[in-house]
Amino acid sequence: MQSPANAQTNPPRWYWALPYVAVSLFALAMLALVWLLQQRESEVERGALARDLQWTEQAMRRAMLGTEEFLTQLARDLAADTLDHDSFQLQANEHLAVNGALTNLAWVGRDQTVRWTAPFDALDWLAGETLLGEQVQGFQRSALSSRLTYGQPHRNARGEAVIEVFVPVQRQGEFFGVIVAVYSAERMISRLVPDWFAEKYRLAILDGERSVLALSSALPQVDRYLALELALEPPGNGMVLQAMAFRPGGSFAKALPTAIILGLSLIVMWTLWTLRRHVQHRVKVEKERDRLFNLSLDMLCVVDLDGRFRRCNPAFERILGHAPAGLPGQLMIDFVHSEDVAATLEVLRQLAGGEPVKFENRCRCADGSYKWLAWSINPVRDEGLVYAVAHDITGRKAAEDALRAESAFRKAMEDSVITGLRAIDLTGRIIYVNSAFCRMVGFDESELVGTAAPFPYWPPEQRAVCERNLAMTLAGQAPKSGFEMRIQRKNGERFDARFYLSPLIDLTGRQTGWMASITDITEPKRVRAALEAAHERFEAVLDGLDAAVFVADARTDEILFANFSFKRIHGFDAVGRTVRGVAVPQPERGDYRVDPRNLSPADLPRELFDGELQHPLSGRWYHVREQATRWVDGRVVRMGIATDITDRKQTAEVARQQEERLQRTARLITMGEMASTLAHELNQPLAAIANYCAGSVTRLQSGNARTEDILAAMQKASFQAERAGKIIRRVREFVKKSEPRRSAVSIVEVLDDAIGFADIDARRTGIRIQTEIEADLPAVYADRIMIEQVLLNLIRNGLDAMIDTLPAQRVLVVRVRRFGADAVEVAVIDRGHGISEEGRRRLFTPFYTTKSEGMGMGLNICRSIVEFHDGRLIVDENPEGGTIFSFTLPTETASERIARSA
């Protein structure tokens, strides 16, 4: 195994191989550079070709876009019927003369027949011919897309590659034909491509299948060439423009740089081999001298005047972890801690002047940590070197830093606390104060330490109290809870403080004085007083409320708080009793949204109940609202507010009774208005009955009556009597007084009865009532008579609105359909004169009417009835003219679900 000295003087084999590897890498880098230069040259050529090709393609595109604009203008003129045959010939020939790439211009009608063509001597697209092959496909694509379309490139009858562009002609939205322009691929290369481009490159136009449509043969076919392709847009369809450029040069010129680089690399390697033999000889001579250098326990190194390591002993690796072989050439300053760089640079300047120095700094270890080193350095100016010795003093520095840190930490703790600290000796003299106490009283530490009573922060008016507290402290009789004392700041300001006393014990266990912690309690006392005042104001506000407010424990039901109104109703001894014990109106347990006894503080706040209840003893009605919340001690409580609504309930009941009477009056008025019509309607069945009975009597008197004839006459008379009775019964049910009874009824049956009443007026005025009823409608939960009254009122309003409408438009539509999953919508749609904005705003105002004989209560009653059924009455404008009145009714299942949830 090699010793450290041998490892230093006899480098490993790979060390000597590094120069050869470097030369080899240099040679490879040069070869790669030559290759990159050659590739760069190719890229430059390709870039030049790409720019020329893009310029040529843009020139072709501009020419073709100009043709597209010309064709579009021809199509507009033809669509506007401002273009005749002569104008077409004139404009087309002028454009053909300017655009040499075009061979034909033609107008093709919608029947795919060529109508006009230019020039006159054209061999293709002759007038009267029908489109064939690719021409038909391009024609159809243009007709279907209604926009300019390029056809697929193909060869015509003479074998020339052509490209056709079709522009549709639209006259008043109808396809009228197409304007066609025909490009020759050969002419596109010869006429649209600049001469200088054709001289430099070989140009070709390829179709989507990579077949050559046109070719420029200005350059000969060669083995080495550069080719580039660019999509030709327009016309697209996979067509590309291909350019090829000749690339001169031979293989000798390309291989010459490579041969030169390889030859020079071999020469350098031979030189390195000879230098290696010389270095090995010198290492052998210096072996003994280096052994002493390598076995030193301290760090030894040789550094030049620029601060770079020239040589380092193995102690660097043992102390700092840096391998000595990797340090030569590196700056010494790079290993110095950033905070010690300035001082180290100053020392290095002294070394440059030839002065020996000693200093301490921190140097970076291989693991990223730092160690303290004590350096002794002597310069040798003749050699331009300095010889340095460094000793590890990290342990000593760590002990010093720990001591300083401990002292600083204790000082920081004392300065950071906001509680004032004061220590006195057994005679009552101040021996210590912290910065918080100095800030509290406004005196400096020097003004307090060493002073005896009376202390400068004692107020003159409180001196007797302060002396008594000091005497209690020195006697050891101060209470454990401390004592309050008024203190005077240096500026004369007073504040309240609380002193907590404890004995001051030294390291030997002997008491040397008393330590006091002082807290400013001025603000807490002010806050406590403000809270007490706020609490008194809060109770005064609650006691001034008319509503009864109470707070009860959610589990025990004990009343914890009650305002004056609550106590006045339920007794002034209510607090401490249970809510049920004082007969407070409250819901049953099952009526609560959640059981308050099962709530935890995390579930709060939570709404428990909001509804109306009747007092079981007095019979008065209260609106009760209870909410679960957190009490001051953290437990869950119920806070209830009960407002007396007896007067409001009585007023609402009177209003309901008046509205019922008003509804019945409205029905009587409606029947009064329909009396003459009903009388006429009843005359028909009564006259029929009389006629059938008289005929039967006559036949019986003649003695030749047959039983079959008499039976048929009596059956018809019975049918007419039933018809008349049905009319009378319907009228009686409509006008009779009854309490509202909501039940499951068929809205279709209610609608039939209402239309039965209204159909009499409709036939009289020549208006047809049309119904639109959705299939499988559910039953609604409503009062049959009240809904029939709403329907009859809305239908009669619609009939009155259409009196002045044209006979052909006198149709009143009654639509019934589902409205969501839980309701049915009924709409009455008329074609009348409509309602103005002012009328719509006042439509439901009592006594407002647009009829000369109306009362102005019908729609107001209708809305009240609909809202009583939990629905809404809406008025909208009919897009076809007139008005749409619609209202919703809940279904039977929806009403049951609402009842269960309530």
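See the structure printed just above.
This section reports on the structure supplied with the text. (Residues numbered from 1 in each chain as written. Predicted model: local features only at pLDDT ≥ 70, side-chain atom pairs only at ≥ 80, totals over all residues. Heavy atoms only, no water.)

### So, the overall build of the protein
Note the following rule: Runs of E in the DSSP output that reach at least two residues are strands. Runs of H or I that reach at least four are helices, and both are numbered from the N terminus. Here's how the labels work: a residue is buried when its accessible area is under 20% of the maximum for its type, exposed when over 50%, partly exposed in between, all with a 1.4 Å probe on protein chains only. Contacts are assigned to residue pairs that have any heavy atoms within 4.5 Å of one another. Only the protein chains shown count as cover for residues, and the accessible areas themselves come from Shrake-Rupley with a 1.4 Å probe.
In terms of helices and strands, the protein carries 24 helices and 32 strands. Taken over 902 residues, the protein has a buried fraction of 39%. Across the protein, every contact between residues at least 6 apart in sequence was considered, and the portion connecting residues at least 24 apart equals 53%. For the protein, the computed accessible surface area is about 51100 Å², with 55% contributed by carbon and sulfur atoms.

### Considering a nonpolar patch on the surface
The condition is simple: Each patch groups residues whose relative accessible area exceeds 30% and which form no salt bridge, using 9 Å between like charges and 5 Å between nonpolar side chains of Val, Leu, Ile, Met, Phe, Trp and Tyr. Salt-bridge detection follows one rule: a side-chain nitrogen of Lys or Arg within 4 Å of a carboxyl oxygen of Asp or Glu.
The grouping of Leu256, Ile260, Leu264 and Ile267 at the surface amounts to a nonpolar patch, some 380 Å² of accessible area in total. Summarising the element assignment, isoleucine 260 is placed in helix α7 (residues 251-285).

### Section: the sheet that holds strand β27 (residues 768-773)
As a reminder, the rule being used: Note: two strands are recorded as paired if DSSP finds a minimum of 2 bridges between them. All axes are obtained by fitting lines to C-alpha atoms, using only the stretch in contact for helices, and the reported angles, taken between N-to-C directions, cover 0 to 180 degrees.
In space, the five strands of this open sheet follow the order β27-β29-β30-β32-β31, with mixed pairing throughout. Taken across any chain shown, the strands that pair with only one partner, and hence form the sheet edges, are β27 and β31 (873-877). The average angle at which neighbouring strand axes cross in this sheet is 15 degrees, direction not considered. Across six bridges, strand β29 (residues 811-818) lies against strand β30 (residues 823-829) in antiparallel orientation. Within β30, the residue paired with arginine 817 across the bridge is glutamate 825. Strands in contact with helix α21 (residues 784-801) are β27, β29, β30, β31 and β32 (883-890); relative to β32, the strand with the most contacts, it is inclined by about 170 degrees.

### A look at the nonpolar core
Worth spelling out the cut-off: Put simply, buried Ala, Val, Leu, Ile, Met, Phe, Trp, Tyr and Cys residues joined by side-chain atoms within 4.5 Å make one nonpolar core.
With 48 residues, the main nonpolar core has Met60, Leu71, Ile179, Tyr183, Met188, Leu203 and Ile205 as its most contacted residues. Examining the composition of this core, we find that ten residues originate from one element, helix α2 (residues 13-79), more than from any other. Look past the residues within four positions of methionine 188 in its chain and what remains in contact with it is Met60, Met64, Ala101, Ile163, Tyr183, Val193, Ile205 and Leu232. Counting residues in hydrophobic clusters, the runner-up holds 38 residues, among them Leu751, Leu792, Val828 and Leu859.

### A closer look at the pattern of salt bridges
Between side chains of opposite charge, pairing is possible as soon as their charged atoms come close. Under the defined criterion, the tally for this structure stands at 25 salt bridges. Among the salt bridges present, the one from glutamate 400 reaches arginine 396, with a minimum N-O distance of 3.9 Å. One end of the pair, glutamate 400, and the other, arginine 396, are both in helix α11 (residues 394-416), four residues apart, so they sit about a helical turn from each other. Taking the relative accessible area as the measure of exposure, glutamate 400 reaches 32% and is therefore partly exposed. When salt bridges that share partners are traced, they join Glu360, Arg396, Lys397 and Glu400 into one network.

### A word on the side chain of aspartate 77
Condition: A positive count includes Lys and Arg, and a negative count includes Asp and Glu. His and the chain ends are not counted in either.
When you line up the elements, aspartate 77 lands in helix α2. One buried charged residue, aspartate 77, forms no salt bridge at all, with the nearest opposite charge on arginine 76 at 7.2 Å. In this view, aspartate 77 contacts Thr82 and Leu83; residues no more than four positions away in its chain are not counted.

### Considerations on helix α8 (residues 287-294)
Every α-helix carries 3.6 residues per turn, so stepping three or four residues along brings you back to the same face. Quick note on the threshold: Throughout, the arc means the angular range of directions from the helix axis out to the C-beta atoms.
Among the residues of α8, Asp290, Phe293 and Asn294 are the ones counted as buried. Projection of α8 onto a plane perpendicular to its axis shows the buried side chains occupying an angular sector of 90 degrees, all on one side. Among the exposed residues of α8, those oriented more than 90 degrees off its buried face are Glu288 and Leu292.

### As for unusual backbone geometry
A cis amide bond links alanine 118 with the next residue in sequence, proline 119, at an omega value of 0 degrees. Of the consecutive residues alanine 453 and proline 454, the connecting peptide bond is found in the cis state with omega at 0 degrees. Locating proline 454 in the fold gives a position in the loop between α13 (445-448) and α14 (463-474). Of note in this structure, aspartate 776 is not a glycine but carries a positive phi near 55 degrees. Note on placement: aspartate 776 falls in the loop between β27 and β28 (780-782).

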